[in-house]
Amino acid sequence: GQQVMQIPQYQHVQEGEDFTTYCNSSTTLSNIQWYKQRPGGHPVFLIQLVKSGEVKKQKRLTFQFGEAKKNSSLHITATQTTDVGTYFCAVRAGGTSYGKLTFGQGTILTVHP
Amino acid sequence: SAVISQKPSRDICQRGTSLTIQCQVDSQVTMMFWYRQQPGQSLTLIATANQGSEATYESGFVIDKFPISRPNLTFSTLTVSNMSPEDSSIYLCSVPRGQRAETQYFGPGTRLLVL
């Protein structure tokens, strides 16, 4: 399956600072998805990107898919304590493996009030 | 949105024993997925459970260790057999969401500690 590398592994920010996590692949991706897992919780779907250069926004969250469809980023503006958690990118397989997700390593975000 | 429940929510088990985890969905779904999340790690797909056929296991996971049942379109079980401390993880089931089944809903997870 397709592999994705996610960086950084950890990010500590002061409340109000911005945060960005990156997902990179050596091969072209057909899609990329982002999930958030709160401490003690389960992954929750945030967004899916499928088009080259696509940018989507959800309030303070901005998601981008690179022009070459080999990288993606999630940017949070003015972090809040409610943003704490682990952010995962994931790639959905196609063909006979349709639906299966391969997850990046995740970025653990802590926000200091 | 799908509502997924898992039982048990957490358990502490002795090595050498087995634990069966249940996953119940409030709607019929063709595919159900089982993931493992080791402490501080990402999610790794164990297998895909399809109703009426054998589960499809990912590389590194075998049926003898993780037998799966899928008796109907709303229910599945994953058994962790002959457990060792290395099996201490969160086990999550998930189902596709949306008409195109491109993304997934996850259950709340089963937190397993093996002593």
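Relevant structure appears above.
Reading the values: the criteria
Residues numbered from 1 in each chain as written. Chains lettered and ligands numbered in written order. Predicted model: local features only at pLDDT ≥ 70, side-chain atom pairs only at ≥ 80, totals over all residues. Heavy atoms only, no water. Disulfide = S-S within 2.5 Å. Helix = DSSP H or I, 4+ residues; strand = E, 2+ residues; numbered from the N terminus. Buried < 20%, exposed > 50% of the residue type's maximum accessible area, 1.4 Å probe, protein only.

Student: Explanation requested: the state of the cysteines in the structure shown.
Tutor: Structurally, a disulfide amounts to a covalent bond that connects the sulfur atoms of two cysteines. Per the counting criterion, the structure on display carries 2 disulfides over all chains. The disulfide partner of C23 of chain A is C89 of chain A, and the gap between their sulfur atoms is 1.7 Å. Linking C23 of chain A and C89 of chain A, the disulfide has an S-S dihedral of approximately 45° and is accordingly described as right-handed. Residue C23 of chain A is located in strand 3 (residues 19-24), and its partner C89 of chain A is located in strand 9 (residues 85-92); the two are separated by 66 residues in the primary sequence. Residues C23 of chain A and C89 of chain A agree in their burial class; the two are buried. Between the sulfur atoms of C23 of chain B and its disulfide partner C93 of chain B the distance amounts to 2.0 Å. An S-S torsion of about 75° defines the bridge between C23 of chain B and C93 of chain B as right-handed. Residue C23 of chain B is located in strand 3 (residues 19-25), and its partner C93 of chain B is located in strand 9 (residues 89-97); the two are separated by 70 residues in the primary sequence.

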